[in-house]
Structures are given as structure tokens and as C-alpha cells.
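Report on the structure
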Amino acid sequence: MTSTLIVGAGSAGCVLAARLSADPARSVRVFEAGPAFRTPAELPTELLDPSHLPIGPESRLIWRYPGNLVRGKLAGGSGAINGSYFIRPPARDFAAWSAVAGPRWSFESVLPLFCDLEDDADFGGTAWHGNQGPIPISRTGDPTEFSAEFAQRCVAAGFTEIPDLNTPNATDGFGRVPLAVSGRFRSGPAFTHLYPAMARPNLTVTGETMVTRLLLRGTRVIGVEWARGRERGRTFADRTVLCAGAVESAALLIRSGIGPESLLRSLGVPIVRPAPVGAWCTDHPEIGVECPADEVDGPAVVLEYVLEADDLELRPYTRMFTPGLRRVGVALMRPESAGELTLVSADPTVGARVDQRYLRGARDRARLRDGVALTADILGRPIGPVDDSWLRANLGTSQHLSGTCRMGPAGDKRAVVDEFGRVHGIDALTVADLSVVPVPLSRGPQAATVMLAASIADHMVV
């Protein structure tokens, strides 16, 4: 029997697989719904290039959900297709996180993990940083014309340049984006963690395998059911860890009878344990402010600079999403409005639905209007009245969904898992991905995801 079965070889699953299989006495098996390339040489070239986002309508490497929500569907998950942004959440986020889930998630507790994970080419070995970890971190030395101009305009607007956005209290100011890249190549968790561990005899990674349901004996998980093409099967394990992401981890729990009672009844799923799975989730709403431009820069990472202004992040994208137009994304990083994930069918081929409920809160709308006004001022481009209709017409998502399996103590009615990711009331089941994060994060989630996975893996090893 497998010691540990990991569902999902995304960003968190890669880290879990590598750290747990380092113990030769532990057998680790990973099921990935998408392709599980075994070496970098097998990867499509677009996955190597951090300037390319393979998320267009032709891509077969992503999950697609209503509302233009996408997720990586391959070994490495979203970390294999994203823009390589690797900014840590600030210390205040971990103060909020630890207030909900306990002191192991305080900034002081997680900082050593961040340092151990990184090899920072610019600040490694200094305070707050590491230089011997598996993840190479660097910042653009030769920015594109648009990025450089944006930085100059930030100075003219009175903002200070922050040399290192990964310092604990880097809040207001602009700076170069820390990037998980090595030379010209994207360095997602499959590169940094999974591929180096693939040769271990105690690690088995199987792609194109969709886990459809958890197998339970009473309230103990003993394995999973899966589908691989026309093949169907069961795999048993001492412990199962869900690393399928904020959508699929929650959906799998619900299909297995762990979720809101009314939803389970409506789906015809036998109730194993009532739990608020999917009842709360959060993401970063984003408004695109565009301006005409003639110049076309060469290939570059998608974001070279960002401006942080309290709970707003302004993102001058290097690529043109619309020919002839440059875009600055205005993202609200600590929204008050929360969303909900539900299923409309127990059939695993029917995708979950996420109601983001963006712009529901008056404060969220006001802050996004502030962000649009700030962007217009920086760009020197007047924008007409920004009413609620304008916001909705220009609204998008940052693709940072989290919190569907919220972390918290057993007495917290909103909590699905405890501080170690263990599902309340269910034995031998852990969730270790963005779905457990109990507060909105003020930065993009990639750095937080690998830290979270490392922390939970290290607890499981003890």
C-alpha cells in the first residue's frame, strides 16, 4: 500500500512530493489530471519561456471554469504557466493568518521556510533571504521601454522605489518583480522540486488521471477512485493529501460527501460529514486600464515592475493583450467581498461554479475607482466617469482563487481544515494548497503556495 497519495501535481503537489519522498521509507504516489512530463526535455517549448502564457483558447494545459477562471492542468500546475511572479505576502498578512489559524502561520514562523526555499541572485544571504534553496529568484536587469517608463512615471507621481519587494513590510512604492526564473527559463515547482526527485524509486507520478472520489471507511479516507481515459480504478493509501487547487480540492471533497448539507442533498451525495467547503473564497478583482501605444517590445516576462499602494497593486503588463493598446492592471489585493464555490452535479466531468461576487461591497468598488484614478494620473491619460457600470464592463480576475477549504480551529464554523491542513472530523486526509488560506493575500499567491506546501510537508515528516 502507498504511504502517501497526493492528488494533484500542481505547485503545492510538486513540493509535497519532493519533500515527502526524500524519506526512502515512505512510498509516495501522485495522480495528476493533466500531462505529467517527466523531464524538462519533454516539455512543449512554450512552457519553458516565461514570456509566454499558454492559456489561450487553443491550450489543452488548463482547467476552464465559468467566469473566465483558468488553472494549470499539468505537472507544475499554474506555476508551470504563470508569469513567474514570486512576491511574498507582507508580514501583516501573516498576522491576519495566524490570528485565525494559530502561531505556526505567523511571519516569524514562516520566514525560515521562505529563506530555505529560495536562491535569490540579488539579495541572497542578506536579512530575510536565502541563497541555497531550490527556487532561483532574480529581477529584471534590462526592463522593456514600457516598464521603464512606468517606473519613471511612478517617481514623478511621488512614489518611492522599493529595491526588494520581498522585505517584510514592503507596502507603498514601486519595484522590480522578484521572478522565479533561471536564465531565460521559467522555474516553476515542477522544475525546482518534482523533476529532481523523479528518479527516486519510492516516488511514482502518473498523469492523465482524474481522481473522481475519495474512498472512505466510516470517517477515515483509505484511498481514491480515479479515471484514466476509459480505465477506472482504485488506489489505497495510508494518507491522502489533496493538492488539486482551490477549485478541484473543494470539488473532490463535496463529491465525496464532505461539504454543506443542503448542497450534498441537492446533488444526491450521501453525507459523510457536514463542512463549509466552498462557502467562502476570495480572489483579486482586476480592472484593465488601457492606453494607445505604437511600440512593440521584444519578448519579456509579463510583469517587470509593480506599484504597491496600500491594498492596490498596479501591474504594467509588457505584452499587448489587444493590438495597439498597453494595459495596466489595477488589482484589489484585500477585497472585503467574498465568493462561493458550488457544484451543479456530482458528475466529475461537470466543472464547479465559482461566484466571485466581485464589486458587491461598496468599499471594494470605491478602492477600485481610486486605483483607476491613480493609474490615469500616472499614465497622464484622462478617464471619464468611473461608475459601477464602467467597473463591471472592465472587470477581470487575477486568477488567484483561494480559501475554499478554509483553515481554522475546530470551533470555527467557517473552517474545513486545522492548522496542519488536516480535514476536521476526517482521518488520514490533508489539504495542502491555496484552498486552505483563510485570509486574502496582499500579493500574488505563488510564493505563499510553495511555502504552505513546504510547511505542511515538514509537519507530516515529523
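Refer to the structure presented above.
A brief structural summary. Bear in mind the structure is a predicted one, so any value in this text is a computation, not a measurement. What you see as residue numbers is a count from 1 along each chain, following the sequence as written. A pLDDT threshold of at least 70 governs which residues receive local features in this predicted model, and a stricter bar of 80 or more applies before side-chain atom pairs are shown or counted, although totals over entire chains, interfaces and linings include all residues. Each side-chain value is worked out from all heavy atoms of the structure, with water and hydrogens disregarded.

So, the overall build of the protein chain
Worth spelling out the cut-off: Strands are runs of DSSP state E lasting at least 2 residues, helices are runs of H or I lasting at least 4, and numbering of each runs from the N terminus. Here's how the labels work: a residue is buried when its accessible area is under 20% of the maximum for its type, exposed when over 50%, partly exposed in between, all with a 1.4 Å probe on protein chains only. We call two residues in contact when some of their heavy atoms are within 4.5 Å. The protein chains shown are the only cover counted for residues, whose accessible areas, like all others here, come from Shrake-Rupley with a 1.4 Å probe.
Looking only at helices and strands, one finds 11 helices and 23 strands in the protein chain. Reported as C-alpha extents along the three principal axes, the dimensions of the protein chain are approximately 65 × 45 × 45 Å. In the protein chain, buried positions account for 60% of the 462 residues. Long-range contacts, defined as pairs at least 24 residues apart, comprise 67% of the intrachain contacts of the protein chain with a sequence gap of at least 6. Total accessible area on the protein chain stands at roughly 17900 Å², and carbon and sulfur atoms take up 51% of it.

Some details on helix 6 (residues 189–197)
Of all nine residues that make up helix 6, seven are buried, and the element is covered over most of its length. Taken together, the buried positions of helix 6 are occupied by Pro189, Ala190, Thr192, His193, Leu194, Tyr195 and Ala197. Turning to helix 6, the residues buried within the fold contact helix 1 (11–21), helix 4 (107–117), strand 6 (135–137), strand 10 (203–206) and helix 11 (446–461).

With respect to helix 9 (residues 362–379)
Spelled out, the test is: To estimate the expected span of a helix, subtract one from its residue number and multiply by 1.5 Å.
A rise of 1.5 Å per residue sets the reference length of helix 9, with its 18 residues, at 26 Å; its end C-alpha atoms lie 26 Å apart and thus fit the reference within 8%. Looking at helix 9, one finds that the buried residues are Asp364, Arg365, Arg367, Leu368, Gly371, Val372, Leu374, Thr375, Ala376, Ile378 and Leu379. Taken together, the buried residues of helix 9 touch helix 5 (145–156), strand 16 (285–292), strand 17 (305–309), strand 18 (312–316), strand 19 (325–332) and helix 10 (388–393). Phi turns positive, to about 65 degrees, at Gly380, one or two residues after helix 9.

Quick word on the sheet that holds strand 16
Rules: Should DSSP find at least two bridges between two strands, the strands are taken to pair. Between N-to-C directions, angles cover 0 to 180 degrees, with each direction set by a line fitted to C-alpha atoms, over the stretch in contact for helices.
Spatially, six strands are ordered 7-17-18-19-16-22 in an open sheet, and the strand pairing comes out antiparallel. Whereas interior strands pair on both sides, the edge strands pair on one side only; in this sheet they are strand 7 (173–176) and strand 22 (395–397). The mean inter-strand angle of the sheet, taken between neighbouring strand axes irrespective of direction, is 30 degrees. Along the sheet, helix 9 contacts strand 16, strand 17, strand 18 and strand 19; its crossing angle with strand 19, the most-contacted strand, is approximately 145 degrees.

Some details on the nonpolar core
In plain terms, the rule: Definition of nonpolar core: a set of buried residues of the types Ala, Val, Leu, Ile, Met, Phe, Trp, Tyr and Cys, connected through side-chain atoms within 4.5 Å.
If you look at the biggest cluster of nonpolar residues, it comprises 107 residues, and the most contacted ones within it are Trp97 and Leu253. With 10 residues, the single largest contributor to this core is helix 11. Filtering out sequence-adjacent residues up to four positions away, Leu253 remains in contact with Leu214, Leu242, Ile258, Val277, Cys405, Val416, Leu429 and Val431.

Here's the deal with the packing of aromatic side chains
In this description, an aromatic ring pair is defined by two values, namely the gap between the centres and the angle between the planes. Filter applied, for reference: By convention, a stacked pair of Phe, Tyr or Trp rings (six-membered ring in the case of Trp) has centres within 6.5 Å and planes under 30 degrees apart, an edge-to-face pair has planes over 60 apart, and any other such pair is tilted. Think of it as a cone above the ring: NZ of Lys or CZ of Arg counts as a charge over the ring if it is within 6 Å of the ring centre and within 35 degrees of the ring normal.
Evaluated as defined, the whole model comprises 10 aromatic pairs. Where Phe94 meets Phe107, the ring centres are 6.4 Å apart and the plane angle is 45 degrees; that geometry is what we call tilted. Residue Phe94 is found in helix 3 (residues 91–101), and its partner Phe107 is found in helix 4; the two are separated by 13 residues along the sequence. The pair formed by Phe94 and Phe107 is uniform in burial state, with each residue classed as buried. Taken together, the ring pairs connect Phe94, Trp97, Trp105, Phe107, Phe114 and Trp128 into an aromatic cluster. The ring centre of Trp105 lies 5.4 Å from the NZ or CZ of Arg104, which sits over that ring. The aromatic ring of Trp280 is capped on one face by Arg406, whose charged end is 4.8 Å from the ring centroid.

Focus on unusual backbone geometry
Even without being a glycine, Asn68 presents a positive backbone phi close to 65 degrees. Examined against the element boundaries, Asn68 turns out to sit in the loop between strand 3 (62–65) and strand 4 (69–72). The exposure class of Asn68 is exposed, given its relative accessible area of 60%. Even without being a glycine, Leu359 presents a positive backbone phi close to 65 degrees. With respect to the helices and strands, the residue Leu359 is situated in the loop between strand 21 (353–355) and helix 9. Look at Leu359 and you get buried, because its relative accessible area is 4%.

Some points on the pattern of salt bridges
Close approach of charged atoms allows side chains of opposite charge to pair. Quick note on the threshold: Here, a salt bridge means any side-chain nitrogen of Lys or Arg that lies within 4 Å of a carboxyl oxygen of Asp or Glu.
Applying the stated criterion across every chain yields a total of 26 salt bridges. One salt bridge connects Glu340 with Arg357, and the closest N-O pair in it is separated by 2.6 Å. Of this pair, Glu340 sits in strand 20 (residues 340–342) while Arg357 sits in the loop between strand 21 and helix 9; the two residues are 17 residues apart in sequence, bridging distant segments of the chain. Assessed through its relative accessible area of 28%, Glu340 is described here as partly exposed.

Points about the environment of Arg234
So the rule is basically this: In protein, a polar contact requires one atom able to donate a hydrogen and another able to accept it; more generally it is a pair of N or O atoms within 3.5 Å, and residues adjacent in sequence count only if both atoms are side-chain atoms.
In this fold, Arg234 is placed in strand 13 (residues 231–242). In this structure the C-alpha to C-alpha distance between Arg234 and Asp172, which are 62 residues apart in sequence, comes to 51 Å. Apart from residues lying up to four places away in sequence, Arg234 is in contact with Arg213, Leu215, Val224, Glu225 and Trp226. Here the side chain of Arg234 touches Glu225 through a polar contact of 3.1 Å, side chain to side chain.

A short note on the pairing of strand 18
Counted residue by residue, strand 18 has five buried out of five residues, so it is predominantly covered. Neither face of strand 18 is open: one carries Leu312, Leu314 and Pro316, the other Glu313 and Arg315, and all of them are buried. Relative to strand 18, strand 17 runs antiparallel, the two sharing three bridges. Across the sheet, residue Leu307 finds its bridge partner in strand 18, namely Leu314.

Notes on the pairing of strand 1 (residues 2–7)
The test is simple: When the strands point away from the viewer, a crossover counts as right-handed if the route from the first strand across the helix to the second turns clockwise.
Within strand 1, six of the six residues are buried, which leaves it mostly tucked inside the rest of the structure. In terms of strand pairing, strand 1 meets strand 13 through five bridges, oriented parallel. Directly across from Val7, in strand 13, lies its bridge partner Leu242. Across four bridges, the pairing between strand 1 and strand 2 (residues 28–31) is parallel. Within the sheet, the bridge partner assigned to Thr4 lies in strand 2 and is Val28. Considered for its hand, the β-α-β crossover made up of strand 1, helix 1 and strand 2 is right-handed.

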